[in-house]
Structure formats: structure tokens, C-alpha cells
Amino acid sequence: KNEVEQSPQNLTAQEGEFITINCSYSVGISALHWLQQHPGGGIVSLFMLSSGKKKHGRLIATINIQEKHSSLHITASHPRDSAVYICAVVGGNKLVFGAGTILRVKS
Amino acid sequence: NAGVTQTPKFQVLKTGQSMTLQCAQDMNHEYMSWYRQDPGMGLRLIHYSVGAGITDQGEVPNGYNVSRSTTEDFPLRLLSAAPSQTSVYFCASSHRAGGELFFGEGSRLTVL
């Protein structure tokens, strides 16, 4: 079993829909990252969480340390949100990544 | 302020050749790390450093060497390239291991 599991693996949504991507992990962590990677592009950091909830524009990230679970929500989705979303956990000095969720938002 | 600069962007090697992927950051970050990204497997940590003179192995270190002689630079060396090292490589930095991550643009390496 992978230390970091993301679901779903693939997600297709209509423009305007509310989107949720989930991340579950099995190890103790000090922080969790949500990253975005556009096709053929680089990787950018969306959020870094150690507890609670963060919001940036239409993006919201939450984490439940006791349940070892985090969610990334996108409100009013747009085709430019189409990308791979990656969850990564920090344990000690090492990062472990989920396999990513491929999101496609259709107009 | 360039952020994280990674070179080269593309490289083709023959089996057995050596090369160095360069990574430099101008944000005075202590933590730097190298990852490989393969289809269906996500990013995997190769090596990391928590400061100048300090390096450690990640999940997939075999076949790769690193050094950290300065805070700014963290090169990744392939001493004898193998086809299994065909991948996209990313360098990243942050103030500390749990801090906000800044990634380089990636280097696509093909080993024939």
C-alpha cells in the first residue's frame, strides 16, 4: 500500500462544478502540500498545511490530522483549472508524493 | 529573482555516459531536493540536502550522486547512465523541509 493515496485518479467536470480531490496518508507528518502541474509544464505549490483549512481564491484545502486525510476543493471550476493535482506529505526531512489526480474541466 | 533554475531542459545520453543536472536557487533556501517523475508513479525523492555540506538519500538514490558545496547549488550526477534513468527530473527548494516548495522547470532525460 502506498504511503500517500489520492482519489480519484482521473476527474472530468463541467465548467462551474464544485470539485473535490482527496488525499489519504498512512504515516506521521509535519506538513502536507498540494501542488499543481499543467500539461508539459512545471510544478507550482498551491498550499502547505499542517492543520485546519486554507483558502486562496477559488481553491480551498483542508486537513484532518487525526484521520490522516486532506482534501482540495475547487469552487466554480474553469477550463484553466485543468491540470494534475499532487498531494505530498512531509515526514522528517523527506517528502512522499501521491500519484496525482488528472483533472479536466470542460467548457 | 530567478527562483530555482534547472539545466539542461532536455538531454539525450547513451548508456554508460555521465552527466550532471544543475540546480541553483537564489532564495537562500536551506532545503534542496531532487525528484524523478515517471508515468503512473508520481514524483519520487532521489536525494535531498538540509544545508551546505549535508546530503542524504531519498527513496530512489541508486545511480545518482549529489553534493552541496554552497547554499545556492545542488547538482545531480549520473555517473553511468542506464535506460532505467530515462525520466523527467525536478529540483526543488524551500526554507526548510516542511516549508513552501519552489520547483525548477524540469529536465527531460532520455538514455538510449
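The structure this text deals with has already been given above.
Residues numbered from 1 in each chain as written. Chains lettered and ligands numbered in written order. Predicted model: local features only at pLDDT ≥ 70, side-chain atom pairs only at ≥ 80, totals over all residues. Heavy atoms only, no water.

A. Up close: the nonpolar core. Formed by 22 residues in total, the largest nonpolar core has its most connected members in Ile19(A), Leu32(A), Trp34(A), Leu46(A), Phe47(A), Leu72(A) and Tyr85(A). Of all the secondary-structure elements, those providing two or more residues to this core are β3 (19-25), β4 (31-37), β5 (43-49), β7 (59-64), β8 (69-74), β9 (83-91) and β11 (101-106) of chain A. (Core = buried A, V, L, I, M, F, W, Y, C linked by side-chain atoms within 4.5 Å. Buried < 20%, exposed > 50% of the residue type's maximum accessible area, 1.4 Å probe, protein only. Helix = DSSP H or I, 4+ residues; strand = E, 2+ residues; numbered from the N terminus.)

B. Expanded view of unusual backbone geometry. Cis geometry marks the peptide bond from Ser7(A) to Pro8(A); its omega dihedral reads -5 degrees. At the junction of Thr7(B) and Pro8(B), the peptide bond is cis and its omega measures out at -5 degrees in the coordinates. One non-glycine residue, Lys68(A), adopts positive backbone phi at about 55 degrees. Within the chain, Ala76(A) stands out as a residue other than glycine whose phi angle is a positive 50 degrees. With respect to the helices and strands, Ala76(A) occurs in the loop between β8 and β9.

C. Structural detail: the interface of chain A and chain B. Each side of the interface is counted separately: chain A has 18 residues, and chain B has 19 residues. Both faces considered, chain A and chain B share a buried interface measuring about 1500 Å² in area, 64% of it formed by carbon and sulfur atoms. It is Ile43(A), Asn93(A) and Phe97(A) that lose the most area in chain A upon contact with chain B, and together they represent 36% of the buried surface on that side. Taken together, the connections running from chain A to chain B amount to zero salt bridges. Counting every contact that joins chain A to chain B gives two residue pairs in polar contact (both at pLDDT 80 or more). (Contact = heavy atoms within 4.5 Å. Buried area = accessible area lost by both parts, 1.4 Å probe. Salt bridge = Lys/Arg side-chain N within 4 Å of Asp/Glu carboxyl O. Polar contact = N/O pair within 3.5 Å; in protein donor to acceptor, adjacent residues only side chain to side chain.)

D. A look at the environment of Ala97(B). Take Ala97(B): it is sitting in the loop between β9 (87-94) and β10 (102-103). Considering only alpha carbons, one finds Ala97(B) and Tyr48(B), 49 residues apart in sequence, at a separation of 9.3 Å. Beyond its immediate sequence surroundings of up to four residues, Ala97(B) is in contact with His33(A), Val90(A), Gly92(A), Asn93(A), Leu95(A) and Tyr31(B).

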